[in-house]
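Tertiary structure, described
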Amino acid sequence: MRAERRRTPEGAAALTIRRPWRIGNAGDAVSRAVFAAMGLSLLALAALLLYELVFQSRLSISTFGWGFITGTRWDAAAREFGAAPAIYGTIVSSVIGLVLGVPVSIGAAIFLSEIAPPWLRNPFSFLVEMLAAVPSVVLGLWGIYVLAPWVGNPVETSLRDHVGFIPLFNGPAFGFGMLAAGLILSIMVLPIITAISRDVMLAVPTSQREAMAALGATKWEVISGAVLPYCRSGLVGAVILGLGRALGETMAVTMVIGKGYNISASLFQPASTAASTLASEFNEATYDLYISALVELALILMGITLLVNVLARLLVWRIARSPGLVRE
Amino acid sequence: MSTSTYQRRRATNALMLSLCSLFAFAAVGVLVLILGFVLAKGISSLNLDFFIHMPAPVGEPGGGVANSIAGSFFTVGLASLIGIPAGIGAGVFLSEYAGHRLGDVIRFTADVLTGVPSIVIGIFVYGLVVLKMGNFSALAAGIALAIIMLPIVARSSEEMLRLVPHSQREAALALGISRWRTILSVVIPVAQRGLVTGALLAVARAAGETAPLIFTALGNRFWSLSITGGPIDALPLRIWRYGIGPYDEWHQQAWAASFVLVFTVFVISLAARLLLRRR
């Protein structure tokens, strides 16, 4: 009799109505609340992060106003703080990193997705991903003892000898400076941009390649005419994600940029980024205004990276419908 | 089509393809270069004292970084205790409960949080924990690292949970098992391996972080394993302080510490990958 009732739609409805009184549903409500709390904690965290940074930098904001962003002097003894050189250094070092890193990354991604034989593809992808696992501070140590001296001589000396008439490549060859920071950033963005670019290229349908090849295109023409245009926005997203990483990169940059605090046309000069200033000066900050100015610098840094990341996520999400494709 | 056009196209093809291959080899070459240097420099300054002794007084040779290694284990362990359960919970919420709109908002926030520079997280926790408690501590460092781990674990857990076939959930529900029992006893065990992988990758990331520790752990040349009692040391911090310091003994120890750190991080990431591959 009951079995028959269950087969009818009414019976099914009756069963669902009875469920809320089952003992298991108390557990359901509790576990739902617990999991929801954990999920929503991400939103709370983001809000708290923003609030805390604004709150801690209120002293600096009220003292300097917009002058903080345009000011070029950073003098703790004179209680004067201007962030312009740090913002300039952050942007310029990241741009150098991208200029040097993007062609190599995209090229490597093309190799991994289009050219490499299958047996080579996985080991190579793995090695490139391992580069991302090298801790920043270890890269920085390598930068101090290997990269920066090499940048000083022969890189900077020969650049000055041959293209020294360009202001970018003129000045004393310290080694430690903007150029070294840019180089180390190019190494750091390489695995990110390569991995994401490879993924978006692999997502291009084979039919696109076949159509191009059927027209008599060479392999390179297939890549440049069909594959790259098809996943263009994904590639742009990958580059911007790399930019986001470069902007906030701290340890490796701090260790090779040389801690100079001025805006200079020469890439050979020691410079500072927002992150490197924070890392090297926070423990020396002795009075409230100093700490507050550093927190405001962190706030600006977060603002820049937030903007860049939101842009990149939107671009990459649009191309790769499944968000799982994109990982850092 | 003239022969010269054809030859030009073939030449472009050959040039660009070899350039791309060259770039790929260059990328791997940089890795080999860095690892080779860390290996060569690190192994020569590595000995048993390094692991079991405390730092020698400034300027004296010898000594080790036992306090830093212990501190790293302690802070990363603390961070894992907070970050991994919360991250997996958030992943469960995203894959099992959240509606489309809310899910997308949380996912987006998690991705954006992943992109926030770790040094900013450090400053955040400095204001939130260090200033309120009045001193630097392992707890502050653990919280900072946990915040870095949380969005990574949440997103990877969600993806792994989504891979569990719907039929398995339906089978459990059809047996009359409540939803929370289904999640705990069916969905999570099926996705277990993937969840461990995500957690391990987050641990590897946290173990190599330096920037947030500057404002939370501070660093300490003496033995400390107190949760709230005061500054604590960590391996990445020690590498930084020794690396930019003036003494040769310090530099050697920095290389040795780098070797240990890189080795640890690689073993963890490798384990994570192998775990996922073996199906």
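Above this note sits the structure.
Residues numbered from 1 in each chain as written. Chains lettered and ligands numbered in written order. Predicted model: local features only at pLDDT ≥ 70, side-chain atom pairs only at ≥ 80, totals over all residues.

1. Here's the deal with the overall build of chain B
For chain B, the helix and strand inventory stands at 11 helices and 0 strands. Element order for chain B, N to C, with α for helix and β for strand: α-α-α-α-α-α-α-α-α-α-α. The dimensions of chain B, computed from C-alpha atoms along their principal axes, are 75 × 65 × 35 Å. Going through the 279 residues of chain B one by one, you find that 52% of them count as buried. Sequence separation of 24 or more characterises 74% of the internal contacts of chain B that already satisfy a separation of 6 or more. (Helix = DSSP H or I, 4+ residues; strand = E, 2+ residues; numbered from the N terminus. Buried ≥ 20, exposed ≤ 12 C-beta atoms within 10 Å, placed from the backbone. Contact = placed C-beta atoms within 7 Å.)

2. Notes on the packing of helix α6 (residues 84-115) of chain A against helix α9 (residues 178-202) of chain A
Residue and element names in this part refer to chain A. Running from N to C, α6 and α9 point in directions that differ by 35 degrees, and their axes come no closer than 5 Å. Here the hand of the crossing between α6 and α9 comes out right-handed. Among the residues making up the contact of α6 with α9, the classes are represented as 21 nonpolar, 11 polar and 2 charged. (Axes fitted to C-alpha atoms, helices over the stretch in contact; angles between N-to-C directions. Left-handed = near helix turned anticlockwise from the far one by under 90°. Nonpolar A, V, L, I, M, F, W, Y, C, P; charged D, E, K, R; others polar.)

3. Examining the interface of chain B and chain A
Chain B puts 73 residues into the contact, and the matching count from chain A is 72 residues. Sorting elements by how many residues they give to the side of chain B that touches chain A places helix α1 (residues 3-44) of chain B first, with 19 residues. Residue classes in the side of chain B that touches chain A are distributed as 51 nonpolar, 15 polar and 7 charged.

4. A look at the environment of B:S118
Mapped onto the fold, B:S118 is located in helix α5 (residues 118-133). Assessed through the 23 C-beta atoms surrounding it within 10 Å, B:S118 is described here as buried. Separated by 114 residues in sequence, B:S118 and B:S4 place their C-alpha atoms 55 Å apart. Those residues in contact with B:S118 that sit more than four places away from it in its chain are A:T250, B:I148, B:E209, B:A211 and B:P212.

5. What to know about the environment of A:A86
Residues and elements named next belong to chain A. You can see A86 is positioned in helix α6. The exposure class assigned to A86 is buried, which follows from the 24 C-beta atoms found within 10 Å. Spatially, the C-alpha atoms of A86 and L297 are 8.5 Å apart, while their sequence positions differ by 211 residues. A86 has contacts with S272, T273, A274, T277 and L297, leaving out every residue within four places of it along the chain.

What is shown is where atoms sit, not what they do.
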